[in-house]
Amino acid sequence: MNPTRRRRLWFVLAVVVAASLVAVLVTMALQRNVAYLFTPAEVLDGRAGADVASGETRFRLGGMVAKGSFERPTGSMEAHFMVTDGDALMPVVYSGILPDLFREDQSVIATGRMRDDGTFVADDVLAKHDETYVPKEVADKMGLAHEKHNVDMSAPRAEEGVR
Amino acid sequence: MLPEIGQAALLLALLFAVLQGVAGLAGAARGREELAAVTRPAALAQLVLVLAAYIALTLAFVMQDFSVKYVADNSNSLLPLVYRYTAVWGAHEGSLLLWALMLAVWNAAVAALSGGIPWRFRARALGVIGLVAVGFLSFMIFTSNPFERLLPAALEGHDLNPLLQDPGMIIHPPLLYIGYIGFVVPFAFAIAALLEGELDARWLRWSRPWTNVAWAFLTLGIMLGSWWAYYELGWGGWWFWDPVENASFMPWLAGTALIHSQAVTEKRGSFAGWTVLLAIAAFSLSLQGAFLVRSGVLTSVHSFAADPARGLFILVFLAAVIGGALVLYVLRAPKFPEGRAFAPVSRETLLLVNNLLLASACAMVLLGTLYPLLADALDLGKVSVGPPYFGTLFIVLMAPLVFLIPFGPLTRWQQDQASRVMAMLAPWLGLALVLGVIGYFMAPQGPLKSAAGVFAATWVCFGTLRFVWSRLRANGRAFTPEMLGMVLAHMGVAVFVAGALLVEAQNVQREIPMHPGDSDTIGRYEFRFDGVERVQGPNYLADRGLVQTFRNGKPLELLHPEKRAYASGGQVMTDAGIHGGLFADVFVALGEPLGDGAWAVRLQVKPFVRWIWAGALLMALGGFVTATDRRFRRIPKERT
């Protein structure tokens, strides 16, 4: 083999090895770290799957914090609230500091697992920075729920930020 | 009146950009030097006009002209003066104007400083930049006009997003944009070289300092963003693998690879095609970053309001840039000269591995960032990719890269003996291993990560110094700014790795309820909560916590973490109290009131966290120093 060819061979070999290594690692890592977004109704009626309902799979719960549902015993860090998608309510418990924009009647995405008693135990709660902003993925899913109930999305809900 | 002047200036700038693009490319293609000569004054005129537009918008903010929609949306009569200047880039339209201004600055700089370059090549490069400017300016004028009037004028504005009312925000976006858009220069030079068809290494020598400066600015911009997130978001994290962070990180990775491959191609002629591809990739990734941030397709803390028309425009622009560049590449790349052959043990091989790893890391981040979009399009559900995906893979890909750093500068071009290089480095590898083991046993927690951090930092630091030593000892061989820049950047990697791994290993975080008078201890540090007081700021009302910190029982600092409620819009913002130190930061953030005077408080001790930013600072410094090397400005006389 002349030097040019040998160099090319090296190059191609290195690329192939690196690419396949990366492909394998990436697939493995993606599988392990992807978290799906579900709304309370999807979890309760089984559309989210048995693994989600049983608490085996970690997932993201999206929806609005139900009005009047927030409770926190005096002096305790444990916050209780309900997340709703218009169809169903899901009790959520979270121990820790809530984000600045966490508020009743605002959209929220909580990451965690289901507990046996049907409560969602969150280890991470996200509320978005802009008060009129609803994460697009939550808005999409809630839009579906509202269409089903013939809720007029355009007028009053728009003020609350559902686009 | 002023907004109309700004508007007119933008339209004129667009005309000059069209002129620059057409005159540059047509003049070079037809061989008409007098036509191509138009490009330089056109570039300078654009700078003057875009600057005028920028000043017009700034004045609208300073004078609080709420008849301009953008001003009414993003400022407020209570907004402090300094933030009226920075509010200009507080949202979509204005940040686009800033972006256009930065492009105009780079454009004018290339026009002014490229005197020694053959006219035809210069005309082509300026022509390409002109076309990019056409894209940016028409995007702004047709989809996101910052000068749009609001009739009747608003009596009072909304407010600048409180998160952006912060000193860090004054310089973070401009630096980031300078870096992003700076990759237009290597891109334009690469396209000019492809158009020229005569692909020698000269164009690389001219584009190397530009690439280094753009890369250094991007490094500074990312560093400041990380620093800002650290003290402003109240979580105490320094990197979140958020889609927008990723959008700035991908061009950085491609740019880092580009800096190294440009060096190989310029000096040895190898990897010429790859270098051109990387130059295209770095700029395309910058544009793609703009697309991700501006179109609202990704959910992120940075997203401004979404607008499909804008997304579509950027997508078409992106397709034109990437598609056009790649078609040109396919047509012309086979004509690339073969570089000189090299052996498996050589600096070329090491730099090849460097490029493969950086490119893989970039592809990995790209996949993770776009995967939610892909999954949505393929109806696989709404997913998010967690930080562990990025964290794990990034460490796996970067560990070999960091390990190989000391070998690079010491290994000879073309061919070398592995034993010769190993003999020089073996003692330092031994030292690093010993210190790593000591780190393992000394670490209060996370021994493996701590050991890895100590080992990697020592190894890179002393391995790099070994190169400096052997270079200084060799008589008559100059130590060039290019080498100094490389040494600084590699030392920056050592400092960064030490900071990143040590803080990840030894960070302690606690979220607890505290009553006034309560104390809590983390390691050598003690926190005493002395209650909360009400404070009136210029445009907000704050709950200010009083937290006295102690180290080894001695008072350290009285920290004032704040929870601010802004007068307009009622947004609430956390402002952390931080005692910074070379070896550890003490971090306190206020949560919510829990009743009975008790507050939820987040306490953190973050060892070596500052080293992360110090390392990035060194890397950026390295980029600037490299660019000062006079070799890049020497114009070869043999061929003109």
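Predicted model only: the values in this text are computed from it and were never measured.

## As for the overall build of chain A
In step 1: Scanning chain A from N- to C-terminus turns up five helices and six strands.
In step 2: Taken from the N to the C terminus, the helices and strands of chain A come in the order α-β-α-α-β-β-β-β-β-α-α.
In step 3: Residues counted as buried form 33% of the 163 residues belonging to chain A.
In step 4: Long-range pairs, those at least 24 residues apart, make up 56% of the contacts in chain A between residues at least 6 apart in sequence.

## Let's talk about the environment of F336 of chain B
Residues and elements named next belong to chain B.
In step 1: The topology assignment puts F336 in the loop between α13 (308–332) and α14 (347–377).
In step 2: With 20 C-beta atoms packed within 10 Å, F336 lands in the buried category.
In step 3: The spacing of F336 and F587 is 251 residues in sequence and 55 Å in space, taken between C-alpha atoms.

## Topic: the environment of A542 of chain B
All names here are of chain B.
In step 1: With respect to the secondary-structure elements, A542 resides in strand β5 (residues 540–551).
In step 2: Residue A542 is classed as buried on the basis of its C-beta count, with 22 C-beta atoms lying within 10 Å.
In step 3: Between the C-alpha atoms of A542 and P561, which are 19 residues apart in sequence, the distance is 9.8 Å.
In step 4: Contacts of A542, omitting those with residues within four sequence positions, involve V535, G537, E562, K563 and R564.

## Remarks on the packing of helix α17 (residues 418–442) of chain B against helix α18 (residues 447–473) of chain B
Residues and elements named next belong to chain B.
In step 1: Contact geometry for α17 and α18: axes closest at 8 Å, N-to-C directions at 155°. The orientation of α17 with respect to α18, classified from their angle, is roughly antiparallel. The handedness of the crossing between α17 and α18 comes out as right-handed. Packed against α17, whose contacting residues are M424, L425, W428, L429, L431, A432, L433, L435, G436, V437, G439 and Y440, the element α18 presents P447, S450, A451, V454, F455, T458, W459, F462, G463, R466 and S470 at the interface.
In step 2: Here the residues of the contact of α17 with α18 sort into 16 nonpolar, six polar and one charged.

## Focus on the confidence of the model for chain B
Residues and elements named next belong to chain B.
In step 1: Within chain B, residue pLDDT values average 88, and 95% of them lie at 70 or more.
In step 2: Of all secondary-structure elements in chain B, the lowest mean pLDDT belongs to strand β8 (residues 572–575), at 82, while helix α20 (residues 609–627) reaches the highest, 96.
In step 3: Here residues 300–305 scores under 50 on pLDDT; set against residues more than four positions off or in separate chains, the count is 13 contacts.
In step 4: Taken over the whole predicted complex, pTM reads 0.90, whereas the ipTM for its chain interfaces reads 0.76.

## What to know about the domain arrangement of chain B
Residues and elements named next belong to chain B.
In step 1: Partitioning chain B into domains gives domain 1 (1–160), domain 2 (172–334 + 351–371) and domain 3 (508–610).
In step 2: Contacts between the two partners involve 21 residues from domain 1, matched on the other side by 23 residues from domain 2.
In step 3: Its residues assigned to classes, the side of domain 1 that touches domain 2 shows 15 nonpolar, five polar and one charged.

## Considerations on the nonpolar core
In step 1: Among the nonpolar cores identified, the biggest contains 245 residues, and A100, L103, V184 and V497 of chain B are the most heavily contacted of them.
In step 2: Here the element with the most residues in this core is helix α10 (residues 202–232) of chain B; it accounts for 17 residues.

## What about the interface of chain B and chain A?
In step 1: Of the residues lining the interface, 43 residues belong to chain B; the matching set on chain A comes to 34 residues.
In step 2: No other element matches α14 of chain B, which puts seven residues into the side of chain B that touches chain A.
In step 3: Residues that form the side of chain B that touches chain A fall into these classes: 25 nonpolar, 12 polar and six charged.
In step 4: Pairing analysis gives three bridges linking strand β1 (residues 34–38) of chain A to strand β1 (residues 383–385) of chain B, with the strands arranged antiparallel. Its bridge partner lying in β1 of chain B, A35 of chain A is registered against S384 of chain B.

## Considering helix α9 (residues 184–196) of chain B
Residue and element names in this part refer to chain B.
In step 1: The end-to-end C-alpha separation of α9 is 18 Å, in line with the 18 Å expected for 13 residues at 1.5 Å each.
In step 2: By the criterion of burial, α9 is predominantly enclosed, with 12 of the 13 residues buried.
In step 3: Residues V184, V185, P186, F187, A188, F189, A190, I191, A192, A193, L194 and L195 constitute the buried set of α9.
In step 4: The positive-phi residue at the C-terminal boundary of α9 is G197, with phi of around 80°.

## Looking at helix α11 (residues 243–268) of chain B
In step 1: End to end, α11 of chain B covers 37 Å across 26 residues, agreeing with the expected 38 Å (1.5 Å per residue, within 8%).
In step 2: In the segment just after α11 of chain B, G269 of chain B is the residue with positive phi, at about 85°.

## Comments concerning the sheet that holds strand β2 (residues 508–514) of chain B
All names here are of chain B.
In step 1: Here we have four strands laid out as an open sheet, ordered β2-β11-β10-β9, and antiparallel in their pairing. Only two strands of the sheet have a single neighbouring strand rather than two, namely β2 and β9 (577–579). Across the sheet, the mean angle from the axis of one strand to that of its neighbour is 20°, orientation sign disregarded.
In step 2: Pairing of strand β10 (residues 584–595) with strand β11 (residues 598–607), which is carried by nine bridges, proceeds in the antiparallel orientation. Within β11, the residue paired with D585 across the bridge is K606.

## Remarks on unusual backbone geometry
All names here are of chain B.
In step 1: Residue L151 is joined to P152 through a cis peptide bond whose omega torsion reads -5°.
In step 2: Topologically, P152 is positioned in the loop between α7 (119–143) and α8 (168–182).
In step 3: A positive phi angle is found at W241, which is not glycine, with a value near 55°.
In step 4: If you trace the backbone, W241 turns up in the loop between α10 and α11.

## Topic: the pairing of strand β4 (residues 89–95) of chain A
Regular strands place their side chains on alternate faces of the sheet.
Residues and elements named next belong to chain A.
In step 1: What you see with β4 is a clean split: M90, V92 and Y94 sit on the buried side and L89, P91, V93 and S95 on the side with no burial.
In step 2: Counting the residues between successive antiparallel strands, the hairpin from strand β3 (residues 78–84) to β4 contains four residues, one of them, G86, with a positive phi of roughly 95°.
In step 3: As judged from the three bridges shared by β4 and strand β6 (residues 120–126), these two strands associate in the parallel manner. Considered in β6, the bridge of Y94 is made with A122.

## Details of the packing of α11 of chain B against α14 of chain B
Residue and element names in this part refer to chain B.
In step 1: It is at 9 Å that the axes of α11 and α14 come closest, and there the two elements cross at 160°. It follows that α11 is roughly antiparallel to α14 by the angle criterion. Here α11 runs over α14; the crossing is left-handed. Listed contacts from α14 to P243, N246, F249, M250, L253, A254, T256, A257, H260, S261, V264 and R268 of α11 are E348, L351, N354, N355, L358, A359, A361, C362, V365, L366 and T369.
In step 2: When grouped by side-chain class, the residues that make up the contact of α11 with α14 number 14 nonpolar, seven polar and two charged.

Criteria and thresholds
- Residue numbers here run from 1 along each chain, matching the order of that chain's written sequence.
- Written order decides the labels, with chains lettered from A and ligands numbered from 1.
- Whole-chain, interface and lining totals are the exception, using all residues; otherwise, since this is a predicted model, local features are given only for residues with pLDDT of at least 70 and side-chain atom pairs are given and counted only at 80 or more.
- Helix and strand definitions follow DSSP, with helices as H or I runs of at least four residues and strands as E runs of at least two, each counted in order from the N terminus.
- The exposure scheme places C-beta atoms from the backbone and then counts, for each residue, the other C-beta atoms within 10 Å of its own, assigning buried at 20 or more, exposed at 12 or fewer, and partly exposed in between.
- Two residues form a contact once the distance between their C-beta atoms, set from the backbone, is within 7 Å.
- Axis definition: a line fitted to C-alpha atoms, limited for helices to the stretch in contact. Angles are taken between N-to-C directions and run from 0 to 180 degrees.
- Orientation labels follow simple angle bins: below 35 degrees gives roughly parallel, above 145 gives roughly antiparallel, 65 to 115 gives roughly perpendicular, and whatever is left gives oblique.
- Less than a right angle of anticlockwise turn of the near helix away from the far helix marks a crossing as left-handed, whereas a clockwise turn marks it as right-handed.
- Classification used: nonpolar for Ala, Val, Leu, Ile, Met, Phe, Trp, Tyr, Cys and Pro, charged for Asp, Glu, Lys and Arg, polar for all others including Gly.
- By definition, pLDDT measures how confident the predictor is in each residue, and it falls between 0 and 100.
- Throughout the structure description, domain borders are defined by an automatic or database domain assignment.
- Buried Ala, Val, Leu, Ile, Met, Phe, Trp, Tyr and Cys residues whose C-beta atoms connect them within 7 Å together make up a nonpolar core.
- Here the rule is simple: two strands pair whenever DSSP picks up at least two bridges between them.
- Take the number of residues in a helix, subtract one, and multiply by 1.5 Å to get its expected span.

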